[in-house]
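Structure assessment
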Amino acid sequence: MEDKSINKRRIIEAMALIVFSGIVLFIVLNTNEAKKLLSYILIVFNPFIYGFCIAYVLNLMVKIIDGGFLKHAQKKGKNYNIKKHRKLSIIISILILVAFIALSFGLIIPNLRDTIVKLYNQAPEIWDKFLSFLDKTKVEQPKLAKYITSAENSLSNYYDKTVDYLKNNVSNIASTALSKLKDASNVIINFGLGFIIGFAMLVYKEELLREFNAILNKIFPYKHYNRISYVLRLTNKKFQIFLKYNIVQAVITGAGTLLVMLIFNMPYKFSIALLITVTQLVPVIGAIVGTVISTLLIIPQSPIKALMFAVLCTLVQQLVEKLINPHLMGKELEMPGIITFLAVMLGGKEFGLMGLICSVPLISVVYDIYTIKLRPRIYAKKNNKKEKCRD
């Protein structure tokens, strides 16, 4: 009986290896077709991907609210009904998320729209003021006149090219905006379906995890099952750390930005603080995008305050990143800076927003597996070889 089970297992492993090799060979020989097939699969499974992502993010809030309900029940001496309270926890979490999204769009979008209109109307006036400021500086600082004139000519060329491009490509910009709106409508539909799927996943979380573990245990031998379970646990741990502390970091950065704006009496205080908080959730790129958009919002009101804001906002972000963030995350997601930067760049280029968000924790998992599991083995083998050579 044991020989038969071993033979069956070997046959299954051989078949799995053949199938895996075939898939890899197909991807290598037909890269474009593989990309098309992958994009089609992603389109079909988009609502489920959205649902899983929503459920995963909401689960952080659901755990906190569940813990609150449990403590309340224990204080009152009542029985804790996990299914009853779980649904209530999920509904509260969804309401918090929807309120945050509505507040973000309600405060940021109208101000951004008004700013774009103002910048378009006031661009010639702002440009003339800037040129007069440069002329005044040339008179006051004759030594810098040569460099200012050179910079002025370069900026004038860029300004003229930008204005000409906008005038000649209004129709193209409008058609592009319409196509983006169509894409946005698809995203909204998938997001709505994802909410329903995510809700179901959270309600039946324990049952789904049990079934998933049972399937893995059935498909893979015990040794491989343990390895897969380890990688999945590590991935879950890294993503939870990343999400928790990224949210805390974003809130601290937003609060710091709001404090700076209140001290220096800058316009759009709450809108910009919220915008910085939202964009800060995206690693590396988010900080740059948030600062640039916020600076553009302030320019029509006061170019000097806009420049001051850009400097102070960057300073706040650097303080949070260099001083507060290491204390929050500790060594849990510690990676060399160049690996983090490359992960974000490549992830964003190949997979867009999802790549920007997911690349850091995923690469952190790979880096941990290498440093904890593989690197010690590599060095152990090297040391053994050296000892044998000495003998």
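Shown above is the structure to which this text applies.
No experiment lies behind these values; they were computed from the predicted model shown. (Residues numbered from 1 in each chain as written. Predicted model: local features only at pLDDT ≥ 70, side-chain atom pairs only at ≥ 80, totals over all residues. Heavy atoms only, no water.)

**A closer look at the overall build of the protein**
Of the regular secondary structure elements, the protein holds 11 helices and zero strands. Shown N-terminal to C-terminal, the secondary structure of the protein runs as helices and strands in the order α-α-α-α-α-α-α-α-α-α-α. By residue count, 28% of the 391 residues in the protein fall in the buried class. For the protein, restricting intrachain contacts to residue pairs at least 6 apart in sequence, the fraction spanning at least 24 positions comes to 70%. As presented, the protein carries roughly 27,100 Å² of accessible surface, and 68% of it is formed by carbon and sulfur atoms. (Helix = DSSP H or I, 4+ residues; strand = E, 2+ residues; numbered from the N terminus. Buried < 20%, exposed > 50% of the residue type's maximum accessible area, 1.4 Å probe, protein only. Contact = heavy atoms within 4.5 Å. Areas by Shrake-Rupley, 256 points an atom, 1.4 Å probe, with all protein chains shown as cover.)

**So, the environment of Thr-314**
Inspection of the secondary structure assignment puts Thr-314 in helix H10 (residues 303-329). The class of Thr-314 is partly exposed, set by a relative accessible area of 35%. Within the local environment of Thr-314, its side chain forms a polar contact with the backbone oxygen of Ala-310, the two atoms lying 2.7 Å apart. (Polar contact = N/O pair within 3.5 Å; in protein donor to acceptor, adjacent residues only side chain to side chain.)

**Topic: the environment of Phe-52**
Mapped onto the elements, Phe-52 comes out in helix H2 (residues 31-76). Separated by 146 residues in the primary sequence, Phe-52 and Gly-198 have C-alpha atoms spaced 5.8 Å apart.

**A short note on the nonpolar core**
Grouped together as the largest cluster of nonpolar side chains are 15 residues, with contacts concentrated most on Met-261, Met-266, Ile-272, Ile-276, Leu-297, Ile-298 and Phe-309. Put simply, the parts of the chain that give this core at least two residues each are helix H7 (222-263), helix H8 (269-279), helix H9 (285-298) and H10. With six residues, H10 is the largest single contributor of residues to this core. Not counting residues up to four positions away in its chain, the partners in contact with Phe-309 are Thr-257, Met-261, Met-266, Ile-272, Ile-276, Thr-291, Ser-294, Thr-295 and Ile-298. Core analysis: the second largest hydrophobic core is formed by 10 residues, Ala-55, Ile-94, Leu-202 and Val-203 among them. (Core = buried A, V, L, I, M, F, W, Y, C linked by side-chain atoms within 4.5 Å.)

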